[in-house]
Amino acid sequence: MFETLSGRFSGVFDKLRGRGALSEADVAEAMREVRLAMLDADVALPVVKDFVNKVRERAVGQEVLDSISPGQAVAKIVNDALIDALGGAGAVPLNLNNAAPIPILMVGLQGSGKTTTSGKIALRLQTRERRRVLLASLDVQRPAAQLQLQQLAERARVASLPIVPGQTPVQIAQRAIETGRREGFDVVILDTAGRLSIDEALMEEVRQIRAATNPAETLLVVDAMTGQDAVNTAKAFNEAVGVSGVVMTRMDGDARGGAALSMRAITGAPIKLTGSGEKLEALEEFHPERVAGRILGLGDIAGLVEKASETLDHEESEKLALKMLRGKFDLDDYASQLRQIQKMGSIGGILDMLPGMGKLKGQLDESKLDTSVFKRHQAIISSMTKQERRTPDIIKASRKKRIAAGSGATVQEVNRLLKQFDDMSTMMKRINKLGAKGLMRQGLS
Ligand code: GDP
């Protein structure tokens, strides 16, 4: 996400940084480019105007123009303005302080990802916050909707309200809260029906459910890919029913990111969470300062470390690290490492979080950043014998043919895997020699 902005902004700042002194004309020129970049990224016009004015005002001050590295000073001002536009520093957490069962109302248009997001939030609250969650679908419009939520709940191993045909949305909501109270649930997530577009009947239904349940959160789910429409939808929902927070889905698909930048100013509602994929784990807190860092190509190391610590199996990584240190890294370990990288999501997503990688990513072929190659490698490794995995050196032509046939791969693919393993082993040896400090230097230089 934000590739459009990130690429253009880095061009602007590279130019500014190259100068020892800045004139007002230089700043004006940079601001023109910033303005165009934001408009191309689909940021709402009033937000762009306000942003550029704020930055220009501060950037033409004498302090900045006289500073030793004016380009850097302007970048800092832009960074601060981005954080402001994104909603200010720090993530805004879900309000879960009320007495149990805490109702969370999910609203939004059909297809925005509302049901999926309900499942994601349920899974997150249950695994991270140890809350007992009950999921309930109030969608009586689409016949399959309640069933869809029930299946999602099973996938997330979260309880769902039994389906009783013929009830109205308000009746289902009340039954959900009663069940929550009776059975000791901490949180009850109410997934309302969506419509293809905003209509009064939808808003009235949401208002009635709200009045009947008094939710701690009314979360609006919007599709980031719809750009300005996402912002207009949020505005309409906020005016009609009032929302306490926004969840933006499909952040994985939106290269522009304009909706994220316009949301706060246009609707007043904070983005609380973002969805970045179809998997139930693909839900992130929205940290404006980290997102600003990504846009400016400063990376999001905090996010990366968090993601790694959440998704990786510590015991497995420790065992691996130990083996590497002893120089006993074999193909079984390689397969285990592939599994761990896969858990972290797409390689592209990981590159996004590394400082200075935005540009590199642009130069790489996105399709090659696909983790499916890891799945192929795992398949190939699993058709090797134990001995072959332990001592890959014995894998010569006839063994390669057998392994390729067994895993539906070509001999070339087997060769590529062995080469990659070899490269990795060489790298391990080098890292061992350098020690941890050397590794940091090497990685960051
Ligand atoms: P609803 O009609 O609003 O309840 O939408 P659904 O939850 O049924 O989602 C519609 C489609 O969007 C499904 O195929 C989901 O898997 C997909 N989806 C939901 N959230 C995300 C996301 O963050 N990223 C991507 N790529 N797909 C998503």
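Residues numbered from 1 in each chain as written. Predicted model: local features only at pLDDT ≥ 70, side-chain atom pairs only at ≥ 80, totals over all residues.

Which entries qualify depends on this criterion: UniProt positions are given in the numbering used here, feature names are shortened, and annotations may be inferred rather than shown by experiment.
Under an unreviewed UniProt entry, the name given to the chain is Signal recognition particle protein, and the organism recorded is Rhizosaccharibacter radicis. Note on the chain: under the UniProt heading Catalytic activity (unreviewed entry), the record states "GTP + H2O = GDP + phosphate + H(+)". Database annotation for the chain, UniProt heading Subunit (unreviewed entry): "Part of the signal recognition particle protein translocation system, which is composed of SRP and FtsY. SRP is a ribonucleoprotein composed of Ffh and a 4.5S RNA molecule."

Regarding the packing of helix α8 (residues 169–182) against helix α9 (residues 200–213)
Filter applied, for reference: Here an angle of 0 to 180 degrees is reported between the N-to-C directions of two axes, which are lines fitted to C-alpha atoms, with helices fitted over the stretch in contact. Starting at the N terminus, helices and strands are each numbered in turn, a helix being any DSSP run of H or I of at least four residues and a strand any DSSP run of E of at least two. If an angle is under 35 degrees, it is roughly parallel; if it is over 145, roughly antiparallel; if it lies from 65 to 115, roughly perpendicular; otherwise it is oblique. In this scheme, a crossing is called left-handed if the near helix is turned counterclockwise away from the far one by less than a right angle; it is called right-handed if the turn is clockwise. Note on contacts: each residue gets a C-beta atom placed from the backbone, and two residues are in contact if those atoms are within 7 Å. Note that Gly is not counted as nonpolar here; it falls among the polar residues with everything else outside the nonpolar set of Ala, Val, Leu, Ile, Met, Phe, Trp, Tyr, Cys and Pro and the charged set of Asp, Glu, Lys and Arg.
Closest axis-to-axis distance for the α8/α9 pair is 9 Å, and the angle between their directions is 30°. When the axes of α8 and α9 are compared, the pair comes out roughly parallel. Of the two elements, α8 crosses α9, and the hand of that crossing is right-handed. Residues Pro169, Val170, Ala173, Gln174 and Ile177 of α8 lie in contact with α9, whose contacting residues are Glu205, Gln208, Ile209, Ala212 and Thr213. Taken together, the residues of the contact of α8 with α9 break down into six nonpolar, three polar and one charged.

Overview of the domain arrangement of the chain
Put simply, the test is: Domain extents, as shown, originate in an automatic or database domain assignment.
In terms of domain boundaries, the chain breaks down into domain 1 (3–85), domain 2 (102–298) and domain 3 (307–444). Taking only C-alpha atoms into account, the centre of domain 1 sits 35 Å from that of domain 2. Contacts between domain 1 and domain 2 engage 18 residues on the former and 19 residues on the latter. Contributions of two or more residues to the side of domain 1 that touches domain 2 are made by α1 (3–17), α3 (45–59) and α5 (70–85). Among the residues making up the side of domain 1 that touches domain 2, the classes are represented as eleven nonpolar, four polar and three charged.

Quick notes on the site of the ligand
Filter applied, for reference: Placing a C-beta atom from the backbone of each residue, we mark the residue near a molecule or strand if the atom is within 6 Å of it.
Near the ligand there are 18 residues, and of these Gly113, Lys114, Thr115, Thr116 and Gly275 occur at the shortest range. It is helix α6 (residues 114–128) that provides the largest number of residues to the shell around the ligand, a total of three residues. Across the shell around the ligand, the residue classes tally to one nonpolar, 13 polar and four charged.

Description of the environment of Arg339
So the rule is basically this: Here the C-beta atoms are placed from the backbone, and a residue counts as buried if at least 20 other C-beta atoms lie within 10 Å of its own, exposed if 12 or fewer do, and partly exposed otherwise.
By the element assignment, Arg339 lies in helix α15 (residues 331–343). Given 14 C-beta atoms within a 10 Å radius, Arg339 is considered partly exposed. Separated by 39 residues in sequence, Arg339 and Gln378 place their C-alpha atoms 8.2 Å apart.

Examining the sheet that holds strand β7 (residues 271–275)
Note the following rule: Pairing between strands is defined by DSSP: at least two bridges between them are needed.
In space, the eight strands of this open sheet follow the order β3-β2-β4-β1-β5-β6-β7-β8, with mixed pairing throughout. The sheet is open, and its two borders are formed by β3 (159–160) and β8 (283–285), each paired with just one other strand. As defined by bridge partners, strand β2 (residues 133–137) adjoins strand β4 (residues 187–191) across five bridges and the pair is classed as parallel. Residue Ser137 lies in a different strand from β4, and its bridge partner there is Asp191. Helix-sheet contacts for helix α7 (residues 145–156) involve β2, β3 and β4, and the interaxial angle to β2 is about 160°.

With respect to helix α10 (residues 228–240)
Just so we agree on the cut-off: In this scheme, a helix's expected span is set at 1.5 Å multiplied by one less than its residue total. The arc refers to the directions leading from the helix axis to the C-beta atoms.
When the terminal C-alpha atoms of α10 are compared, their 18 Å separation across 13 residues agrees well with the 18 Å that a helix rising 1.5 Å per residue should span. Buried within α10 are the following residues: Ala230, Val231, Thr233, Ala234 and Phe237. What you see down the axis of α10 is that its buried residues fit within an arc of 160°, all on one side. On its buried face, α10 sits against β1 (102–108), β5 (217–223), β6 (245–249) and α11 (258–267). Two residues or fewer after α10 comes Gly242, characterised by a positive phi angle close to 80°.

A word on α3
Compared with an ideal rise of 1.5 Å per residue, which puts 15 residues at 21 Å, α3 spans 21 Å between its outermost C-alpha atoms and is within 8% of the ideal. Those residues of α3 not exposed but buried are Val48, Phe51, Val55 and Ala59. An end-on view of α3 places all buried positions within 70° of arc, on one side of the element. Exposed positions of α3 whose direction lies more than 90 degrees from the buried face are Leu45, Pro46, Lys49 and Glu57.

Focus: the pairing of β5
This is how the line gets drawn: Note on handedness: a clockwise path from strand one over the helix to strand two, with the strands aimed away from the viewer, defines a right-handed crossover.
The buried fraction of β5 amounts to seven of the seven residues, a majority that puts the element mostly inside the structure. Here β5 shows two buried faces, one formed by Glu217, Leu219, Val221 and Asp223 and the other by Thr218, Leu220 and Val222. Pairing geometry for β1 and β5, over five bridges, is parallel. From the neighbouring strand, Ile104 faces β5, where its bridge partner is Glu217. Bridge count between β5 and β6: five bridges; the pairing is parallel. Bridge pairing in β6 places Leu220 opposite Val246. The handedness of the β5 to β6 crossover, carried by α10, is right-handed.

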